[in-house]
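# A look at the structure
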Amino acid sequence: MNEGKYIFTQVTSLVPRQIFQRLVKKYNGDYRVREFNCTNQLKYMLFGQLMPCDSLRDICLCLSQNREILYGLGITASVNESSLSRANESRDYRIYEGLGQALIKIVRPMYSKQRIDYIFPQDHDLFALDSTTISCSLALMSWALGKYSRGAVKMHTLIDLRGSIPAFISISDGRTHDSNVLDDIEIVPRAIYTMDKAYVDFEALARFDREGAFFITRAKTNMKYEIVSSNFNFDSATGIVGDHIIRLTGYKSKKAYPKELRLVESLDPDSGEVIQFLTNITDQLELNGLEIANIYRHRWDIESFFKLIKQNLTVKHLLGCSENAVKTHLWIAIIAYLLLARVKALYKSPYSITEIGTLVRVYGLVRMDLKQLVTEPQPLILNQDVNELTLF
């Protein structure tokens with residue numbers, strides 16, 4: 001039982017320590033460090049994410065006022081915001097990037113058996129790709145150039161739609177085009193990747209097809225093509241109004257992608273607009289038109305993921321100005337999210353990851369069993385039948 005340990009300590013104990021120490025040694029994270037080592041830095045930054053705190057000063061203030069419990073939190077050194085800021089700027093962000101990637105490999109399989117209700121075959125991995133932009137001051141962060149002479153940092157993310165667990169993350173300045181990250185993704189054979197029209201790069205999408213993966217995206221309005229054949233075996237009541245096999249006719253596009261593609265047309269019930277989905281799944285027996293449209297609609301799950309981390313973790317306010325400090329901050333935010341996801345899967349919690357984050361934030365400095373906290377009904381989460389007095 002863990003009733004004598006703080007909730008924060010039990011959550012952070014799920015960090016794979018041996019992997020973390022190997023990364024610290026590989027990148028010389030503790031070189032010429034006396035007390036405030038990488039482990040303490042990680043605990044400080046995780047405290048800021050899970051509690052959460054809006055600045056380095058808030059983190060150090062909260063922990064300095066609770067010095068008597070620092071050892072119980074797994075922290076062996078107390079520092080001020082200047083020392084914490086210097087650690088974030090000087091210690092290689094690849095330590096935390098490697099730790100985040102290691103946690104991804106641990107957490108993703110824990111959600112691999114989750115059923116996808118909107119498609120019939122369950123043997124495909126489903127991924128959604130998108131990016132989120134975090135505004136920043138160009139005067140303080142000259143490396144983070146964005147559009148229109150403004151500062152911005154982009155976080156390109158590929159999530160597994162089973163559990164909304166990140167599978168790939170790349171952090172860049174705001175000018176990096178979304179489609180550039182397609183070359184960096186490690187492609188999984190027979191997986192389905194859904195993305196918006198910003199990622200329509202036929203040369204990169206041809207690589208997906210060559211390596212046995214599938215993609216579903218939106219067709220650009222200026223795309224030139226010819227219809228090879230049409231399939232009329234669909235129910236128009238579902239909103240599908242067209243299902244065609246096409247061939248690109250544009251000079252550059254047909255050279256980059258000479259094979260046939262499939263164009264599914266779906267009617268948006270709200271706007272009345274016909275939306276065209278482009279995919280390399282040309283076999284109608286593999287996925288029908290409705291399933292293709294439903295997969296693309298669930299691309300919005302990644303928007304929910306971005307909303308979740310921005311509302312429940314400290315991401316909108318960057319805790320540093322250098323490129324190394326920003327990447328350290330964002331990777332530790334992802335680590336915090338993965339720890340909450342691991343808690344949910346490990347204890348088979350009925351709560352969502354957001355609700356578990358709320359419980360950890362409220363009970364973080366309370367000594368009780370984490371399993372009991374996330375599996376038993378809590379008044380904080382569940383609606384209570386309370387006889388309230390009426391005002392009028």
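Refer to the preceding data block for the structure.
The rules behind each value
- In this convention, every chain numbers its residues from 1, walking through the sequence in written order.
- Only residues with pLDDT of at least 70 are given local features in this predicted model, and only at 80 or more are side-chain atom pairs given and counted; all residues enter the totals for whole chains, interfaces and linings.
- With hydrogens and water stripped out, all remaining heavy atoms of the structure feed into the side-chain values.
- Axes here refer to lines fitted to C-alpha atoms; in helices the fit is confined to the stretch in contact. Angles between the N-to-C directions go from 0 to 180 degrees.
- For helices the rule is a DSSP run of H or I covering at least 4 residues; for strands it is a run of E covering at least 2, with both sets numbered from the N terminus onward.
- By definition in this entry, angles of less than 35 degrees are roughly parallel, angles greater than 145 are roughly antiparallel, angles of 65 to 115 are roughly perpendicular, and the rest are oblique.
- Less than a right angle of anticlockwise turn of the near helix away from the far helix marks a crossing as left-handed, whereas a clockwise turn marks it as right-handed.
- Two residues form a contact once any of their heavy atoms are found within 4.5 Å.
- Under the grouping applied here, Gly and all other residues not named as nonpolar or charged are polar, the nonpolar ones being Ala, Val, Leu, Ile, Met, Phe, Trp, Tyr, Cys and Pro and the charged ones Asp, Glu, Lys and Arg.
- At least two bridges found by DSSP between two strands are what make those strands a pair.
- Aromatic pairs are defined between Phe, Tyr and Trp rings, using the six-membered ring for Trp, whenever the two ring centres lie within 6.5 Å; interplanar angles under 30 degrees are classed as stacked, those over 60 as edge-to-face, and all others as tilted.
- Three labels apply to residues, based on accessible area from a 1.4 Å probe with only protein chains included: buried if under 20% of the type maximum, exposed if over 50%, partly exposed otherwise in between.
- Geometrically, a lysine NZ or arginine CZ counts as sitting over a ring once it is within 6 Å of the ring centre and also within 35 degrees of the ring normal.

Orientation of helix α6 (residues 94-107) relative to helix α11 (residues 323-346), taken along the N-to-C sense of each, is 20°, at an axis distance of 9 Å. Judged by the angle between their axes, α6 and α11 are roughly parallel. With respect to the hand of their crossing, α6 and α11 are arranged in left-handed fashion. Side by side, α6 and α11 meet where Tyr-96, Glu-97, Leu-99, Gly-100, Gln-101, Leu-103, Ile-104, Ile-106 and Val-107 of the first sit next to Thr-328, Trp-331, Ile-332, Ile-335, Leu-338, Leu-339, Ala-341 and Arg-342 of the second. Its residues assigned to classes, the contact of α6 with α11 comprises twelve nonpolar, three polar and two charged.

The next point concerns the sheet that holds strand β5 (residues 214-218). Taken in spatial order, the nine strands of this open sheet run β3-β2-β1-β4-β5-β9-β8-β7-β6, and their pairing is mixed. Single-partner strands in this sheet number two, and they are β3 (165-173) and β6 (225-230). Each neighbouring strand pair of the sheet contributes to a mean axis angle of 25°, computed without reference to strand direction. In terms of strand pairing, strand β7 (residues 240-248) meets strand β8 (residues 261-267) through six bridges, oriented antiparallel. Bridge pairing in β8 links Ile-245 to Arg-262.

The subject of this paragraph is the packing of aromatic side chains. One pass over the structure, following the stated rule, counts ten aromatic pairs. On the numbers, 6.1 Å between centres and 40° between planes, the contact of Phe-20 with Tyr-96 is tilted. Of the two residues, Phe-20 sits in helix α2 (residues 17-26) while Tyr-96 sits in helix α6, which places them 76 residues apart along the sequence. A residue is classified by how much of its surface remains accessible, and Tyr-96, at 0% relative accessible area, is buried. Look at Tyr-193 and Phe-208: their rings are 5.1 Å apart centre to centre, the planes differ by 85°, and that puts the pair in the edge-to-face class. A residue pair is termed long-range when its members are at least 10 positions apart, and Tyr-193 in strand β4 (residues 192-195) and Phe-208 in helix α7 (residues 202-210) qualify at 15 residues. Put simply, the rings of Phe-127, Tyr-193 and Phe-208 touch in pairs and so form one group of aromatic residues. Over the face of the ring belonging to Trp-300 we find Arg-299, whose NZ or CZ atom lies 5.1 Å from the ring centre.

Treat this as a map of the structure, not an account of what it does.
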